[in-house]
Structures are given as structure tokens and as C-alpha cells.
Amino acid sequence: MKAKILVAYGTRAGSTAEVADAIGKKLAQGGVAVDVKPVKSLNNLNGYSAVVLGSAVRAGKILPEVTDFVKAHKEELRKLPVAYFVAGMTLREDTPEKRKIVDAYLDPLRAEVAPVDAGLFAGKMDYSKLGFFEKIIIKNMIKTPEGDLRNWPEINNWAEKLLPKLVDGKK
Ligand SMILES: Cc1cc2nc3c(=O)[nH]c(=O)nc-3n(C[C@H](O)[C@H](O)[C@H](O)COP(=O)(O)O)c2cc1C
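Residues numbered from 1 in each chain as written. Predicted model: local features only at pLDDT ≥ 70, side-chain atom pairs only at ≥ 80, totals over all residues.

Caption draft 1: Here's a closer look at the site of the ligand. Residues in close proximity to the ligand total 22 residues, the closest being Ala 13, Thr 16, Ala 56, Gly 88 and Gly 123. The set of elements that each furnish at least two residues to the shell around the ligand consists of helix H1 (15-29), strand S3 (50-58), strand S5 (82-88), strand S7 (124-125) and helix H6 (132-142). Partitioning the shell around the ligand into residue classes produces ten nonpolar, eight polar and four charged. (Near = placed C-beta within 6 Å. Helix = DSSP H or I, 4+ residues; strand = E, 2+ residues; numbered from the N terminus. Nonpolar A, V, L, I, M, F, W, Y, C, P; charged D, E, K, R; others polar.)

Below you can see the structure in the form of C-alpha cells.
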């Protein structure tokens, strides 16, 4: 089968969609066909030879639509090379401890389908994109500062190294 890779993502404020786009562009530069889509828009995996699934984080969890998608399609996903990525503000401090915390956000997905790789990235916090209650929680309780901490060279580098694992990494 000719390689066709799906990059699917879950987002609330839009920044993870841009990470997914960057990953999709980098994979496509390697000469494969790539679709980048919100996970909510997908009903099946027909025609894809590999899948990259990414999510924003809310309150210590990746978004439910991403977990639900993996659960719903685990039989098909187990036959394909699958990679996960997560973008959250915990990694605004890139320490081994924080990496461990963020890596664990992916455990519910790993429990369903083992990935060939997992990308752990810092995300973006933009108060203007938050709902009323989210804004109160973030500004007054969690006190996460605003900032776009997405490290594009790191994201591109991950995608570049990932490509051979998606193309040759048959399970
Ligand atoms: C209410 C709320 C809770 C959050 N909780 C976490 C969290 O537990 N861990 C984390 O790493 N990031 C957390 N974040 C940060 C987002 O995951 C991060 O800003 C992400 O890049 C946003 O992606 P999006 O723009 O695609 O929604 C939280 C953000 C909000 C608004």
C-alpha cells in the first residue's frame, strides 16, 4: 500500500491544530501523502497506512475525543504504525520530572494501542481564547502565564525522525 498518513488532533483553543499542521507539512516534505484533520471530523481510518494522533491537555488529561477515537478504532490502529503527541503548558519547564508527568498523560492511549513514538511538546496559553470558567481557573487558581512556547524546530525535528518509523514501522 502506498504510504498515506493521517495526522489527527484534538484542540480547544486552536494551537494544537497548528502543531498538527506543522507535523503534517514536515511529513509531506518526506514525499508521503498526508491528511491533517480534527479527530472529531473522522469516522474511520480507511486508506491510511499510518496515524499520528495529538492532543491539547486540560486538567491533567488529554482531550476526551482523542481517547474516545483510539478506543473506538483500536483494532484498526493496532495493525498500523501509530504515534502520539501532546502539547501542554506543564512543559514550560522542560525538566525530567515534568516530562514524566506529560508522558503519563498519554498512558490512557498507550493502554489501548502501543505507539512507535511519542512527542511531548510545550503548548500555547492565550487568555483571549479561553471560556469564562477556564479563564478564572487559569488566571486565579493555576496561574499559568500567557505565552506561545511551541518550539517549532523541536516539533519539526520530531516529525522528520518519525517519518521512517511510520513508513517502515509495520506492526
Ligand atoms: C483549563 C485549562 C487546563 C489546563 N490544564 C493543563 C494541564 O493539566 N497540563 C498541561 O500541560 N497543560 C494544561 N493546560 C494548557 C493547555 O493544554 C495548553 O495551553 C495547550 O497548548 C492548549 O492547546 P489548544 O490551543 O489546542 O487548546 C490547560 C489549559 C486550560 C485552559
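Next, the rest of the story.
Caption draft 2: Structural view of the packing of H1 against helix H7 (residues 152-168). It is at 9 Å that the axes of H1 and H7 come closest, and there the two elements cross at 45°. Considered as vectors, H1 and H7 are oriented oblique to each other. By crossing handedness, the relation of H1 to H7 is classed as right-handed. Every residue of H7 that contacts H1 at Val 19, Ala 22, Ile 23, Lys 26 and Leu 27 is listed here: Trp 152, Ile 155, Asn 156, Ala 159, Glu 160 and Leu 163. Within the contact of H1 with H7, the residues separate by chemical class into eight nonpolar, one polar and two charged. (Axes fitted to C-alpha atoms, helices over the stretch in contact; angles between N-to-C directions. Parallel < 35°, antiparallel > 145°, perpendicular 65-115°, else oblique. Left-handed = near helix turned anticlockwise from the far one by under 90°. Contact = placed C-beta atoms within 7 Å.)

Caption draft 3: Highlighting the nonpolar core. Ranked by internal contacts, the top residues of the largest apolar core, which has 48 residues, are Ile 5, Val 7, Val 51, Leu 53, Val 86 and Phe 121. Mapped onto this core, the elements with two or more residues apiece are strand S1 (4-10), H1, strand S2 (33-38), S3, helix H2 (64-72), S5, strand S6 (117-122) and H7. Among all residues touching Leu 53, those that are not within four sequence positions of it are Ala 8, Val 39, Val 66, Val 70, Val 82 and Tyr 84. (Core = buried A, V, L, I, M, F, W, Y, C linked by C-beta atoms within 7 Å. Buried ≥ 20, exposed ≤ 12 C-beta atoms within 10 Å, placed from the backbone.)

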